[in-house]
Amino acid sequence: MAFDPTSTLLATGGCDGAVRVWDIVRHYGTHHFRGSPGVVHLVAFHPDPTRLLLFSSATDAAIRVWSLQDRSCLAVLTAHYSAVTSLAFSADGHSMLSSGRDKICIIWDLQSCQATRTVPVFESVEAAVLLPEEPVSQLGVKSPGLYFLTAGDQGTLRVWEAASGQCVYTQAQPPGPGRELTHCTLAHTAGVVLTATTDHNLLLYEAHSLRLQKQFAGYSEEVLDVRFLGPEDSHVVVASNSPCLKVFELQTSACQILHGHTDIVLALDVFRKGWLFASCAKDQSVRIWRMNKAGQVMCVAQGSGHTHSVGTICCSRLKESFLVTGSQDCTVKLWPLPKALLSKNTAPDNGPILLQAQTTQRCHDKDINSVAIAPNDKLLATGSQDRTAKLWALPQCQLLGVFSGHRVASGASSSLPWTRCWPRPQLMAPSSSGHSKTSAVSRHLRGTMLCLKVAFVSRGTQLLSSGSDGLVKLWTIKNNECVRTLDAHEDKVWGLHAGWTTAPSLGPVTPESSSGRM
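Keep in mind the model is a prediction, meaning the values are calculated, not measured.

### Structural notes on the UniProt feature "repeat: WD" (unreviewed entry) in the protein chain
- If you check UniProt for "repeat: WD" (unreviewed entry), the listed places come out as residues 1-24, 33-76, 77-118, 258-299, 303-335, 361-392 and 454-485 in our numbering.
- Within the segment residues 1-24, helix and strand shares are 0% and 50% respectively, and the terminal C-alpha atoms sit 13 Å apart.

### Brief notes about the pattern of salt bridges
- A full pass over the atoms with the stated rule returns seven salt bridges.
- Of the charged contacts in the structure, one is a salt bridge between Arg227 and Asp269, with a shortest N-O distance of 3.3 Å. Here Arg227, found in strand β21 (residues 223-229), pairs with Asp269, found in strand β25 (residues 265-270); they are 42 residues apart in sequence, far enough to count as distant. When sorted by exposure, Arg227 lands in the same class as Asp269, which is buried.
- Of the charged contacts, one joins Arg317 and Asp269 as a salt bridge, the two residues approaching to 3.3 Å between their closest N and O atoms. Placement of Arg317 in the loop between β29 (310-315) and β30 (322-327) and of Asp269 in strand β25 is noted, with a sequence separation of 48 residues between them.

### Description of the nonpolar core
- Of all hydrophobic cores here, the largest spans 22 residues; its most connected members are Leu149, Leu157, Val159, Cys184, Val193 and Leu210.
- Counting only elements with at least two residues in this core, the list comes to β13 (125-130), β14 (147-152), β17 (181-187), β19 (202-206) and β24 (255-258).
- A total of three residues in this core trace back to one element, the largest contributor, which is β14.
- Viewed by domain, this core spans two of them, domain 1 (2-217) and domain 2 (220-404), each represented by three or more residues.
- Apart from the residues within four sequence positions on either side, Cys184 is in contact with Ala127, Val129, Leu149, Ala151, Leu157, Val193, Leu194 and Thr195.

### With respect to the pairing of strand β27 (residues 285-291)
- Taken across its seven residues, β27 has seven buried, putting it largely inside the fold.
- Because side chains alternate across β27, one face comprises the buried residues Ser285, Arg287, Trp289 and Met291, and the other comprises Val286, Ile288 and Arg290, equally buried.
- In the sheet, strand β26 (residues 276-281) pairs with β27 via five bridges, with the strands oriented antiparallel. Each bridged residue has a counterpart across the sheet, and for Ala278 the counterpart in β27 is Ile288.
- Here β26 folds back onto β27 in antiparallel fashion, the turn holding three residues, of which Gln284 has a positive phi close to 70°.
- Bridge analysis of β27 against strand β28 (residues 297-304) gives seven bridges, and the strand direction is antiparallel. Residue pairing across strands places Trp289 opposite Cys299, the latter belonging to β28.
- Taking the residues between adjacent antiparallel strands as the criterion, β27 and β28 are bridged by five residues, where Gly295 takes a positive phi near 90°.

Criteria and cut-off values
- Residues numbered from 1 in each chain as written.
- Predicted model: local features only at pLDDT ≥ 70, side-chain atom pairs only at ≥ 80, totals over all residues.
- Heavy atoms only, no water.
- UniProt positions renumbered as here; feature names shortened; annotations may be inferred.
- Helix = DSSP H or I, 4+ residues; strand = E, 2+ residues; numbered from the N terminus.
- Salt bridge = Lys/Arg side-chain N within 4 Å of Asp/Glu carboxyl O.
- Buried < 20%, exposed > 50% of the residue type's maximum accessible area, 1.4 Å probe, protein only.
- Core = buried A, V, L, I, M, F, W, Y, C linked by side-chain atoms within 4.5 Å.
- Domains from an automatic or database assignment.
- Contact = heavy atoms within 4.5 Å.
- Pairing = 2+ DSSP bridges.

Below, the structure written as C-alpha cells:
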C-alpha cells in the first residue's frame with residue numbers, strides 16, 4: 001500500500017494482479033488497473049500530485065507506470081532480473097531509483113522512461129533511498145548529483161554515487177546473525193534514517209552521520225534467561241531465542257541490542273557489583289560484558305574451549321575474580337578474570353580480551369544443566385541430566401560429595417536450566433522435575449508441575465520457584481508452605497532472578513521479577 005502526496009488517495013496491490021486506487025475521504029474506489037502477472041508487491045505514487053502517476057511492480061520484475069488521468073498503462077520498465085524491492089524519486093521528479101534482489105540499483109529518466117545508469121551493489125537490496133542533494137562530508141557526499149543509500153542482506157548501510165556507480169561510504173558496523181536489513185526509510189524533516197532487521201528490531205540513525213540513536217527491540221520469542229544490572233538494579237539484560245542480548249533500562253524502557261555471539265544465548269549471570277555480567281551460548285563460547293555509568297554496554301572479554309553448547313554459567317560471589325561454565329560436553333571450566341579487565345580505565349580498543357580456562361573438570365556422565373558458586377567462592381555445585389548434583393572444592397574442582405534423590409532428570413533439552421542458589425554456604429536448593437529440595441536443612445517443597453528455576457530471597461528464609469505451568473511461587477522454608485503464587489505468564493518460565501537490592505528482603509513481589517514468553 002502507498003499514500004499519494006496529498007494523503008487523500010491510497011493505492012493497493014494484491015495477489016490477484018490488480019492495482020486499485022481508493023479515495024479515503026469519500027470512501028470509494030477510483031481506479032482498477034489490470035495487466036500485472038502474479039502478486040503486485042510494490043506500489044508508489046509520483047511525488048508531484050499534478051502528474052497523477054502511479055508505479056507498481058509484480059513478480060515479473062517489471063515496473064509499470066499508470067496514468068490516473070488516462071486510466072491506462074503508459075510504460076513498462078524492464079531492466080531488473082529479480083523482484084523489485086523499492087522505488088524512490090528525485091526532488092525534481094524527473095528521475096527514479098529502483099532497487100532489487102538481483103543486486104543492482106537502476107536510475108531511470110521518467111521523461112523518456114529509459115534506464116540511464118545501472119549500479120551493481122553486490123548484495124540483495126531490500127530498500128534504497130535517494131539522499132537530499134546537499135553536501136554531507138561525513139557520508140562521502142562532496143559534489144552535486146544523485147546519491148543513494150542502500151540496505152540489504154549484508155546488514156550495513158552504504159552510500160553510492162549514481163553518476164560513477166561508486167560506493168562512497170560504508171557503515172562501520174560488522175554484520176552478524178539477524179542483522180540483515182529488510183526496510184529503510186528517510187525522514188528528511190526529522191533528520192533520521194529508520195531501518196528494520198530480520199530479527200524484527202528497529203534501528204534509528206542520525207541522517208547526516210548514520211550514528212545510531214535509538215534501538216527498538218521487536219519480538220523476543222522465548223525468553224531463556226534474565227538478570228538485573230547496575231548497582232541499583234536499574235537495567236535488565238534478557239537472553240531470548242537469539243544470538244543477540246537485549247538490555248533494557250527499567251525507568252525508560254530504552255533498549256540496547258548487543259551483538260557478539262553467533263548462536264543462541266542460553267544463560268546469563270551477573271557479578272555482585274552489577275557492572276559486569278557474563279553470557280554463554282550454543283556457539284561454545286563465553287563472553288563478559290561491562291556497563292558504564294551512562295548505561296552503555298560493550299563486550300570486554302571472550303573465551304572458548306568447550307566442545308559443545310555452553311548451557312549454564314555462574315559468576316564468583318565475593319568479588320569479581322572468576323566465573324564457571326558448564327556444557328553439554330559434560331565438563332566444567334573455571335575462567336579467571338584478567339587483571340586488565342578489572343581496571344575501570346580499561347577500554348577494549350583492540351577488541352575483547354581473550355579468556356583462558358584455569359581448570360577443566362569432567363563432572364558428570366550427561367549434559368550439565370546448572371552450576372552455582374557458594375557465597376564464600378570456595379564451593380561449586382553442579383547439576384546434570386544424570387539425576388545427580390555434585391559438590392566440588394574450588395579452584396581445583398575436587399569432588400566433595402554427590403547428592404542423589406531426584407527420580408527423573410529435568411528434561412531432554414540441553415538448555416533446560418536447573419538452579420542451585422546459596423544464601424549461606426551450607427544451604428543449597430536444586431530445582432528438578434516437579435519439586436525442589438534442600439540437602440542441609442532437609443526441607444522438601446513439592447509443587448504440581450516441572451520446576452525450572454529457584455532463587456533464595458528474604459535472607460535465605462524464603463524461596464522463589466518458577467515452573468512449566470507459568471506460575472511463580474514463593475515458599476517459606478521453615479514451614480514448607482507456599483505463601484504466594486504469581487500468575488502472569490502464559491507458558492514456561494525459564495528465567496528468574498532476584499536483584500541484589502531485593503534479595504535480602506523480599507518485600508512486594510511483582511511478576512516482572514521473572515521472565516518467560518514475551
